[in-house]
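Take a look at the letters that make up each chain.
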There are 2 protein chains.
Amino acid sequence: MARLVLKFGGTSVGDTERIKNVARKVKQEVDAGHQVAVVVSAMSGVTNQLVEYCRSIAKIYDAREYDAVVASGEQVTSGLLAIALQELGVPARSWQGWQIPIITDDVHAKARIERIDTTEIVRRMEESGEVAVCAGFQGVSLRNRISTLGRGGSDTSAVALAAALKADRCDIYTDVDGVYTTDPRIVTKARKIPRITYEEMLEMASLGAKVLQTRSVEMAMKHRVRVQVLSTFEPAPGSDYPGTLVVDEDEIVEQELVSGIAYSRDEAKITLVGVADHPGVAARIFGPLTDAAINVDMIVQNVSEDGKTTDMTFTVGKTDLDRAVQVLEKAKEELNFRKLSSDANVVKVSVIGVGMRSHAGVAQRMFKALADRGINIQVISTSEIKVSVLIAEDYTELALRALHTAYGLDKA
Amino acid sequence: MARLVLKFGGTSVGDTERIKNVARKVKQEVDAGHQVAVVVSAMSGVTNQLVEYCRSIAKIYDAREYDAVVASGEQVTSGLLAIALQELGVPARSWQGWQIPIITDDVHAKARIERIDTTEIVRRMEESGEVAVCAGFQGVSLRNRISTLGRGGSDTSAVALAAALKADRCDIYTDVDGVYTTDPRIVTKARKIPRITYEEMLEMASLGAKVLQTRSVEMAMKHRVRVQVLSTFEPAPGSDYPGTLVVDEDEIVEQELVSGIAYSRDEAKITLVGVADHPGVAARIFGPLTDAAINVDMIVQNVSEDGKTTDMTFTVGKTDLDRAVQVLEKAKEELNFRKLSSDANVVKVSVIGVGMRSHAGVAQRMFKALADRGINIQVISTSEIKVSVLIAEDYTELALRALHTAYGLDKA
């Protein structure tokens, strides 16, 4: 007997037939003797529709009211799944964020969970095997207002609930059957990763792999929640862990040097040419961007040729590019640069692996593989377990395939 | 300065443009210095969609989960209207049933309101003129479960809130501009009724006029809430009371003999021929129907010709007809009747007016008007302030026009 949290995303509950299919998956776990809590997203498309309603009424809207509107999508699926489970003879009850309650702070539209009271859910689980069907994505603030956790927040709901319930595992059912060494739509030789560490998964998520919300991985890592990513639509192929299991490093016996290769097209590059090179220049440049709530990611400051001026290159989110350029041009005199150039046609490609902590030459292999294909590296950034490079977007597929082969990730 | 509750139905909030229009109406009342609470229905069509989801998953479903699903429609419109009001500079906040709270019993899908705590709403109204935008149709049970009040329940939410707030008036905005002497789509000479008594409105609502939910009128009568029915889509034509005001009898100076003529196509007729005529026969017949939760409305027992058998005619809801016939045929031997005949092609036409309490001859005028047109009356039932007759459905329009003229209701 184990205690499980199962999470089903928007495509998994996209219509009533699919909700019935989810109910059958849940019943399998109940029939196997497990205690089960379920977390559901809204039907696919519903949240977008609700967001669109808000936007069509006001350009800038009260996040508290936005939360009340968009949280309704998960309310619908939680009730429907409870009905579908009861129809299969499985005792079930829906739970909204305020009913459990899942208490959050009051940073609406991107609230953080502060605590979850699982007393009643556990009592019912233990007394009658009742399945708690919890609305994902939502909570309630201490001011008794509906709050939401940000897009993709249902993953976080599920992991947080698993932590609060001390669940043996949190299964994230989605429309892919696991985490891959890279995007299999681009690299046909991509392999499913059976086990990946929290640290690697965190880098994968934040560097572009869309399979799990970054915050949910942070939370899983913090609370040591075993997370499994698997497909709603394929039957489990006779294995206990048919998807990808996200676990502690010491649970992985044979660690690859590099586990996966992620990419993100969400960034854009800005270069300030001829910036006066003296102490404090970086702070002066990034101050106005911070004030405008624009995050800067990769940063490179070139060595100055004449000792007086330098070039500064950095990346911002593609959606922030226009605003960033505006902010910088406005401060041009104060910042004292000669020219600003920007480029949205870039992609960030990252190789990730805890193995590189103990092995030299990982970055070198990346640079060589790209150079061999004539791919120019524009910016580099590294951390303990990843190397990221910015390259021209046109080379995305070529670079992914080259790196996938170079690190020995191609399937046999 | 008055305190008002404004209620907007599904067509009034049918899309985001209409929600903006509603916000402008609300703003007018706020600008006039009034304290305002608003009650909203779901966007038209949404509740039907949600009900359909439940039905497509299970034929018989848990009413608690049905309530969680269908209550989400009002949640969306309450949040959106709050956003629209804020966009116009009007302070506003959405309130779900559980937030206010509106406490109901736990008869899910047709819950009754037990009490409403208006403390916080009133505090905000008085301190900052904040408009409370309340989700109609829903409440919360003492077991902390979302409950709903039954179809059309938002009218009841509005009247109950008006009673709890001791509001000066409850304005029900809808897609017609008031209560008419009869259905204006059938009788072109129908007039809008400027003032109508609670008692008459109650009869009108329960006898077929669809403009207000019957329970909301009962509640208005009980708590003496002044209710106004008016149109969302027409500008108020320079009058304080542009719609129909439902009030105490003593507020109406010149009372008409008959205020209105209602009709309902929702009933069907059953006749049991040759029933053994002895004491207790009625109880024996209606017992099985009551057991099957089938309501019987009009009842006529014919004088028995031979002193031994009689014919019994009564009406049931059209949707219950097949079931009622089944129940009775099954008990044929026990009930001891010769033959059962049924007819779904009937209509109940009712003339309503508190004036008939003090005037004789009102029913007589009805019978004569119908007889003059060759319309055969099948069943008659009366109360203190109404006379209803069952006639063949084909004569509906003819009967309505004849009666409208006979009681002097035609507009000049």
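Basis of the calculations
- Residues numbered from 1 in each chain as written.
- Chains lettered and ligands numbered in written order.
- Predicted model: local features only at pLDDT ≥ 70, side-chain atom pairs only at ≥ 80, totals over all residues.
- Contact = placed C-beta atoms within 7 Å.
- Helix = DSSP H or I, 4+ residues; strand = E, 2+ residues; numbered from the N terminus.
- Nonpolar A, V, L, I, M, F, W, Y, C, P; charged D, E, K, R; others polar.
- Pairing = 2+ DSSP bridges.
- Axes fitted to C-alpha atoms, helices over the stretch in contact; angles between N-to-C directions.
- Buried ≥ 20, exposed ≤ 12 C-beta atoms within 10 Å, placed from the backbone.
- Least-squares fit on C-alpha atoms with pLDDT ≥ 70 in both.
- Parallel < 35°, antiparallel > 145°, perpendicular 65-115°, else oblique.
- Left-handed = near helix turned anticlockwise from the far one by under 90°.
- pLDDT = per-residue confidence, 0-100.

**A word on the interface of chain A and chain B**
Here is step 1: Contacts between the two partners involve 29 residues from chain A and, on the opposite side, 29 residues from chain B.
Here is step 2: Secondary-structure elements contributing two or more residues to the side of chain A that touches chain B are α1 (16-31), α2 (46-57), α3 (63-70) and α4 (72-87) of chain A.
Here is step 3: With 11 residues, the single largest contributor to the side of chain A that touches chain B is α4(A).
Here is step 4: Here the side of chain A that touches chain B is composed, by residue class, of 15 nonpolar, 10 polar and four charged.

**Notes on the sheet that holds strand β15 (residues 296-301) of chain B**
Residue and element names in this part refer to chain B.
Here is step 1: Taking strand neighbours across the sheet as the criterion, the four strands line up as β15-β16-β14-β17 in an open arrangement whose pairing is antiparallel. What marks the edges here is a single partner per strand, and that holds for β15 and β17 (339-343). For this sheet, the mean inter-axis angle between neighbouring strands, taken without regard to orientation, is 15°.
Here is step 2: Packed onto the sheet, helix α10 (residues 321-330) meets β14 (267-276), β16 (309-317) and β17 and runs at close to 175° relative to β17.

**Thoughts on unusual backbone geometry**
Here is step 1: Note that the residue after A:Ile100, namely A:Pro101, is joined by a cis bond; omega there is -15°.
Here is step 2: As for its placement among the helices and strands, A:Pro101 is situated in the loop between β3 (92-95) and β4 (102-104).
Here is step 3: One non-glycine residue with positive phi stands out, namely A:Asn144, at about 70°.
Here is step 4: With respect to the helices, strands and loops of the structure, A:Asn144 is situated in the loop between β7 (138-141) and β8 (146-148).
Here is step 5: Positioned with a positive phi, B:Lys166 is a non-glycine residue whose angle comes to about 50°.
Here is step 6: Turning to its location among the elements, B:Lys166 is positioned in the loop between α6 (153-164) and β9 (169-174).
Here is step 7: For B:Lys166, a count of 11 C-beta atoms within 10 Å translates into the label exposed.

**Quick word on the pairing of strand β16 (residues 309-317) of chain A**
All names here are of chain A.
Here is step 1: Of the pairings in the sheet, the one linking strand β14 (residues 267-276) to β16 comprises eight bridges and is antiparallel in character. Counterpart to Val-275 in the pairing with β16 is Thr-310.
Here is step 2: Summarising the sheet, strand β15 (residues 296-301) and β16 pair through four bridges and their orientation is antiparallel. Each residue of the ladder has a partner; that of Gln-301, found in β16, is Met-312.

**Looking at the relation of the copies chain A and chain B**
Here is step 1: After a rotation of 179° and a shift along the axis of 0.0 Å, chain A superposes on chain B with an RMSD of 0.1 Å. The relationship between the two copies is best expressed as a two-fold rotation axis. Of the C-alpha atoms belonging to chain A, the one lying closest to the rotation axis is found on A:Ser72, 2.8 Å away.
Here is step 2: Looking at the interface residues of chain A, 100% of them are also at the interface in chain B, so both copies use one shared face.

**Considering the environment of B:Phe8**
Residue and element names in this part refer to chain B.
Here is step 1: Counting through the fold element by element, Phe-8 comes out in strand β1 (residues 3-8).
Here is step 2: C-beta crowding within 10 Å serves as the criterion here: with 28 such atoms nearby, Phe-8 is assigned to the buried category.
Here is step 3: Considering only alpha carbons, one finds Phe-8 and Thr-182, 174 residues apart in sequence, at a separation of 23 Å.
Here is step 4: Other than its neighbours up to four places away in sequence, Phe-8 contacts Val-13, Val-22, Val-38, Val-40, Ser-41, Tyr-173 and Thr-232.

**Some points on the packing of helix α12 (residues 362-372) of chain B against helix α13 (residues 396-406) of chain B**
All names here are of chain B.
Here is step 1: Viewed as axis vectors pointing N to C, α12 and α13 meet at an angle of 130°, and their least axial separation amounts to 9 Å. Between α12 and α13, the angle is such that the two are oblique. Crossing of α12 against α13: the hand is right-handed. The segment α12 lies against α13, with Arg-365, Met-366, Ala-369 and Leu-370 engaging Ala-399, Ala-402, Leu-403 and Ala-406.
Here is step 2: Grouping the amino acids of the contact of α12 with α13 by side-chain chemistry returns seven nonpolar, no polar and one charged.

**Overview of the environment of A:Asp250**
All names here are of chain A.
Here is step 1: Within the element layout of this structure, Asp-250 appears in the loop between β12 (244-247) and β13 (260-264).
Here is step 2: For Asp-250, a count of 7 C-beta atoms within 10 Å puts it in the exposed group.
Here is step 3: As a C-alpha pair, Asp-250 and Thr-197 span 53 residues in sequence and 8.7 Å in three-dimensional space.

**Remarks on the sheet that holds strand β3 (residues 92-95) of chain B**
Residue and element names in this part refer to chain B.
Here is step 1: One open sheet holds the eight strands; their spatial order is β3-β6-β2-β1-β9-β11-β12-β10, and the pairing between them is mixed. The open sheet has two edge strands, β3 and β10 (195-197), and neither has a second partner. Going across the sheet, the axis of each strand differs from the next one's by a mean of 20°, ignoring polarity.
Here is step 2: Pairing of β1 with β9 involves five bridges; the strand directions are parallel. Looking at the pairing, Leu-4 lines up with Arg-169 of β9.
Here is step 3: Helix α7 (residues 198-206) rests against β10 and β12 (244-247) of the sheet, and its axis sits at about 85° to β10.

**Section: the confidence of the model for chain A**
Here is step 1: Considering every residue of chain A, the mean pLDDT works out to 92; 98% of them sit at 70 or more.
Here is step 2: Predicted as a complex, the structure gets a pTM of 0.87 and an ipTM equal to 0.86.

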